[in-house]
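# Coordinate analysis (summary)
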Amino acid sequence: MKIIIIGLGNFGRSLALNLTDNGHEVFGIDHKMEKVDLLKDHIANVVCMDANNEAAYKVLPIQQADLGIVAIGENEGSSIVTTAILKKYKNLKIVSRSLSRIHDTILEAMGINDVIHPEQDAAFRLTKQISFNYALDYFRVDNKHSIAEVFSPSSFSGKSVKSLKLTQKYSVSLITVIRDIHNNPLLSSTKENHTRKVIGLVTGETVLKNGDILTLFGSNKSIMNFIKDKK
């Protein structure tokens, strides 16, 4: 994808680097030259310009771009004006960073459906990492529900999903299982000879193995209770 990122602070810069690493063509924009200099050798193109100056957009390939991300994190007014300018390009999908509840309301009124809150998301993730101390990863579904990856307890090894009665006992649902697969059984059991693979949709007859990673859905409370009970 061809992606334009406006605002190259900590969040915008990290986003630009990660998207570039994932094979996307990224155009970065910021009004501060020192931020532009940090990325000039790392992403496809980077431009120093005032994103609130509509005439300046003539130098950008907006007509060919797939996505515009407003990542400005210092000035709410500038972010809103930038989003309004991008809205004029009907071909462009827009993702905008919000800095407050009022900002949320304004973006909603402008018809921006994809709104991000990096600080809130980071705080939520850290809270979950602290609360779900033995889980490997999390994805928030809403304020009360999450999807979590946890190591399968050793007591589950060799047992079928049906026999474990996860929903009845723990109020969690097993979505899938991530399992270590030997690439070549004839070679030694080294890290290089293992690949983690998703085994697909689980059924009641799926048998768990030692070292499996369970992908669970449930309320935050139910997942925490499962982890505490099985750690």
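As the structure is a computational prediction, the values presented were derived from the model and not from experiment.

This paragraph deals with the overall build of the protein chain. Assigned secondary structure in the protein chain consists of 8 helices and 11 strands. Counting all 231 residues of the protein chain, 39% fall into the buried class. Sequence-distant contacts in the protein chain: of pairs separated by 6 or more residues, those separated by 24 or more amount to 58%. Element-wise, carbon and sulfur atoms account for 52% of the exposed surface of the protein chain, whose accessible area totals about 13300 Å².

What follows covers the nonpolar core. Counting 22 residues, the largest nonpolar core has I4, I6, Y57, I62 and L86 as the members making the most contacts within it. Listed by contribution, the elements that provide at least two residues to this core are β1 (2–6), β2 (25–30) and α3 (76–87). Those residues in contact with Y57, other than ones at most four positions away along the chain, are I6, M49, A51, I62, T82, I85, L86 and Y89. Formed by 19 residues, the second largest nonpolar core is a distinct cluster that contains Y138, L166, V177 and L214.

Of all the 7 residues making up strand β11 (residues 213–219), 5 are buried; the element is thus mostly covered by neighbouring parts of the structure. With 7 bridges connecting them, strand β8 (residues 145–151) and β11 associate as antiparallel partners. Residue pairing for β11: V150 is matched across the bridge by L214.

Moving on: the packing of α3 against helix α4 (residues 101–109). The N-to-C vectors of α3 and α4 enclose an angle of 10°; their axes lie 11 Å apart at closest approach. For the element pair α3 / α4, the angle class is roughly parallel. When α3 is examined against α4, the residues E76, S79, I80 and T83 are found in contact with a partner set consisting of H103, I106 and L107. The residue makeup of the contact of α3 with α4, split by class, is 3 nonpolar, 3 polar and 1 charged.

What follows concerns the confidence of the model for the protein chain. Taken residue by residue, the protein chain gives an average pLDDT of 86. The fraction at 70 or more is 88%. Contacts from residues 186–191, a stretch scored under 50 in pLDDT, to residues over four places away or in other chains number 4 contacts.

Another point: the sheet that holds β1. In a beta sheet, neighbouring strands are held together by backbone hydrogen bonds and run either parallel or antiparallel to one another. Taken in spatial order, the 6 strands of this open sheet run β3-β2-β1-β4-β5-β6, and their pairing is parallel. Looking at which strands have only one partner, the edges of the open sheet turn out to be β3 (45–48) and β6 (114–116). Across this sheet, the average inter-strand angle for adjacent strands is 15°, counted without regard to direction. Bridging between β2 and β3 involves 4 bridges; their strand directions are parallel. Each bridged residue has a counterpart across the sheet, and for F27 the counterpart in β3 is N45. Sheet contacts for helix α1 (residues 10–21): β1, β2, β4 (67–70), β5 (93–97) and β6; angle to β1, the most-contacted strand, approximately 165°. Contacts from α3 reach β1, β4 and β5 within the one sheet, and its direction differs from that of β5 by about 175°.

Conventions we followed
- Residues numbered from 1 in each chain as written.
- Predicted model: local features only at pLDDT ≥ 70, side-chain atom pairs only at ≥ 80, totals over all residues.
- Heavy atoms only, no water.
- Helix = DSSP H or I, 4+ residues; strand = E, 2+ residues; numbered from the N terminus.
- Buried < 20%, exposed > 50% of the residue type's maximum accessible area, 1.4 Å probe, protein only.
- Contact = heavy atoms within 4.5 Å.
- Areas by Shrake-Rupley, 256 points an atom, 1.4 Å probe, with all protein chains shown as cover.
- Core = buried A, V, L, I, M, F, W, Y, C linked by side-chain atoms within 4.5 Å.
- Pairing = 2+ DSSP bridges.
- Axes fitted to C-alpha atoms, helices over the stretch in contact; angles between N-to-C directions.
- Parallel < 35°, antiparallel > 145°, perpendicular 65-115°, else oblique.
- Nonpolar A, V, L, I, M, F, W, Y, C, P; charged D, E, K, R; others polar.
- pLDDT = per-residue confidence, 0-100.

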